[in-house]
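Chain residues, written in single-letter form:
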Amino acid sequence: MKIHIERKPKKAKQQKIKKPKTMHIGTHKKSVLALWVLLLLSLAFGIYKNFPAVDQHTIHENKTIEPLIVDTHAIESFTINFIQDFYSWENKKEVIEGRSEAIKHYLTPTLQELNMDTIRSDIPTSSKVMDSQIWEIEPIDKQNYAVIYTVTQDIIEEKESKVFSSNYRLVIYQDDHKNLVITQNPTIWTIPEKSDYEPTPISSDSSVDSDTEKEILEFLETFFKLYPTASESELTYYVKENVLPVIGKNYQFSEVVDPIIQKNGHQYQVSLVVKYLNDGSKSVIVSQYDLILEKQKNWEIININNK
């Protein structure tokens, strides 16, 4: 007898599936954090360096140095009045005493004492100030000024008159209330003399053709005949934008002398002398001009060459 035994199939082993590893890339790693910190620091340092540089550059470009303007009218008037009192006297006791009293209004007590015997009571001369001229008022500091001047005196001695000119330098102090006092006595000095400078003469440009030269000279002669009496509206036909002023005098045109013409592109530079007769004084006026001319439809003076 056979016995049939039914076997149950074995269950297949279930394989355990492993989850894939997840890689975390971000700010959690120390090395990445360090890089971020370094980047931010670099950016912050760059911005910090940039702003001061811009500020400094701006300050440099906008910096304006304003010239110090000093009003010296009071100093000039004070000096001229002093010259009149200091260099005027007569050989009379009362006049000399009056002079001594007058100069007290200009000098410090020390200088008053120093000048006490400069004009003695027995002086044989009299002096009258004929002219005075201020050459320079030079600031020494904020309150002290050096003044250079010339005084011309008519000196009379025993009915004989002579004219003398002398140059001096003194120092004036100005206080906070604009009051003035002389702190250094008039000291013999020098004034500017004639310079040896001579401008380099120019000559006519050979590239200017004879027809153009003739046109320019005819235009200038016509203009200068009308110029002394021409009104502002009349000048606009010859001169651009008030380059030359209105004269308004009845001067008589005489001639144009020594014209020199040079070409510069489409413009012409003209140096010349113009002579007029002054009917009032019967003298000749000799005027020099350095003009720049240009021709559009007609010739026109467009500028003055100031060299």
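All values derive from a computational prediction rather than experimental measurement.

Caption draft 1: Expanded view of the overall build of the chain. Within the chain, the regular secondary structure consists of 6 helices and 8 strands. In the chain, the order of α-helices and β-strands from amino to carboxyl end is α-α-α-α-β-β-β-β-α-α-β-β-β-β. Split into buried and exposed, the 307 residues of the chain put 27% on the buried side. In the chain, once contacts between residues fewer than 6 apart in sequence are set aside, the share between residues at least 24 apart is 50%. Carbon and sulfur atoms form 53% of the exposed surface of the chain, whose accessible area is close to 24000 Å².

Caption draft 2: Fine view of a nonpolar patch on the surface. On the surface, Trp-36, Leu-39 and Leu-40 cluster together to form a nonpolar patch covering roughly 340 Å² of accessible area. Inspection of the secondary structure assignment puts Leu-39 in helix H1 (residues 30-62).

Caption draft 3: Looking closely at the side chain of Ser-88. Tracing the sequence through the fold places Ser-88 in the loop between helix H2 (73-86) and helix H3 (93-102). Engagement of the side chain of Ser-88 in a polar contact is seen with the backbone oxygen of Gln-84, the distance being 2.7 Å. The contacts of Ser-88, once residues within four sequence positions are left out, are Arg-99, Ser-127 and Val-129.

Caption draft 4: Seen up close, the sheet that holds strand S5 (residues 252-264). In spatial order, the strands read S5-S6-S7-S8; together these 4 strands make up an open sheet with antiparallel pairing. At either end of the open sheet lies a strand with only one pairing partner, and these are S5 and strand S8 (299-304). Across the sheet, the axes of successive neighbouring strands diverge by a mean angle of 35°, strand direction being ignored. Summarising the sheet, strand S7 (residues 283-295) and S8 pair through 5 bridges and their orientation is antiparallel. Bridge pairing links Leu-291 to Ile-304 in S8.

Caption draft 5: Molecular detail of H3. Along H3, the residues that are buried comprise Ile-96, Arg-99 and Ala-102. Projected down its long axis, H3 shows its buried positions confined to an angular sector of 120°, all on one face. Exposed residues lying more than 90 degrees from the buried face of H3 are Lys-93 and Glu-94. Packed against the buried residues of H3 are H2.

Caption draft 6: Main features of the pairing of strand S3 (residues 160-174). With 14 bridges connecting them, strand S2 (residues 144-157) and S3 associate as antiparallel partners. The partner of Thr-150 across the bridge, within S3, is Asn-167. If you look at the hairpin formed by S2 and S3, you'll find 2 residues sitting between the two strands, and Glu-158 has a positive phi there, around 50°. The antiparallel hairpin formed by S3 and strand S4 (residues 180-188) contains 5 residues in its connecting segment, where Lys-178 sits at a positive phi of about 70°.

Caption draft 7: Representation of the packing of aromatic side chains in the model. Counted under the stated rule, the structure contains 15 aromatic pairs. Summarising the aromatic geometry, the rings of Tyr-268 and Trp-299 are spaced 5.5 Å apart at their centres and angled 70° between planes, so their arrangement reads as edge-to-face. With Tyr-268 in strand S6 (residues 267-278) and Trp-299 in strand S8, this pair connects stretches of sequence that are 31 residues apart. Across the pair, exposure class does not vary: Tyr-268 and Trp-299 are buried alike. An aromatic cluster is defined as three or more aromatic residues linked by ring pairs; in this entry it consists of Phe-78, Phe-82, Phe-86, Tyr-87, Tyr-106, Tyr-149 and Tyr-168. Sitting over the face of the ring of Phe-86, Arg-99 holds its NZ or CZ atom 4.8 Å from the ring centroid. In this arrangement the basic side chain of Arg-169 is found over the ring face of Trp-189, its NZ or CZ atom lying 5.0 Å from the centre.

Caption draft 8: Representation of the nonpolar core within the structure. Core analysis: the largest hydrophobic core is formed by 24 residues, its most contacted members being Leu-220, Phe-223, Phe-224, Leu-272, Leu-293 and Ile-301. Only helix H5 (210-226), S5, S6, S7 and S8 provide two or more residues apiece to this core. For Leu-293, the residues in contact, after removing those within four places along its chain, are Ile-216, Phe-219, Leu-220, Gln-267, Tyr-268, Val-270, Trp-299, Glu-300 and Ile-301. Counting residues in hydrophobic clusters, the runner-up holds 22 residues, among them Phe-82, Ile-83, Phe-86 and Tyr-149.

Calculation notes
- Residues numbered from 1 in each chain as written.
- Predicted model: local features only at pLDDT ≥ 70, side-chain atom pairs only at ≥ 80, totals over all residues.
- Heavy atoms only, no water.
- Helix = DSSP H or I, 4+ residues; strand = E, 2+ residues; numbered from the N terminus.
- Buried < 20%, exposed > 50% of the residue type's maximum accessible area, 1.4 Å probe, protein only.
- Contact = heavy atoms within 4.5 Å.
- Areas by Shrake-Rupley, 256 points an atom, 1.4 Å probe, with all protein chains shown as cover.
- Patch = residues over 30% accessible without salt bridge, like charges linked within 9 Å, V, L, I, M, F, W, Y side chains within 5 Å.
- Salt bridge = Lys/Arg side-chain N within 4 Å of Asp/Glu carboxyl O.
- Polar contact = N/O pair within 3.5 Å; in protein donor to acceptor, adjacent residues only side chain to side chain.
- Pairing = 2+ DSSP bridges.
- Axes fitted to C-alpha atoms, helices over the stretch in contact; angles between N-to-C directions.
- Arc of directions from axis to C-beta.
- Phe/Tyr/Trp six-rings, centres within 6.5 Å; stacked < 30°, edge-to-face > 60°.
- Lys NZ or Arg CZ within 6 Å of the ring centre and 35° of its normal.
- Core = buried A, V, L, I, M, F, W, Y, C linked by side-chain atoms within 4.5 Å.

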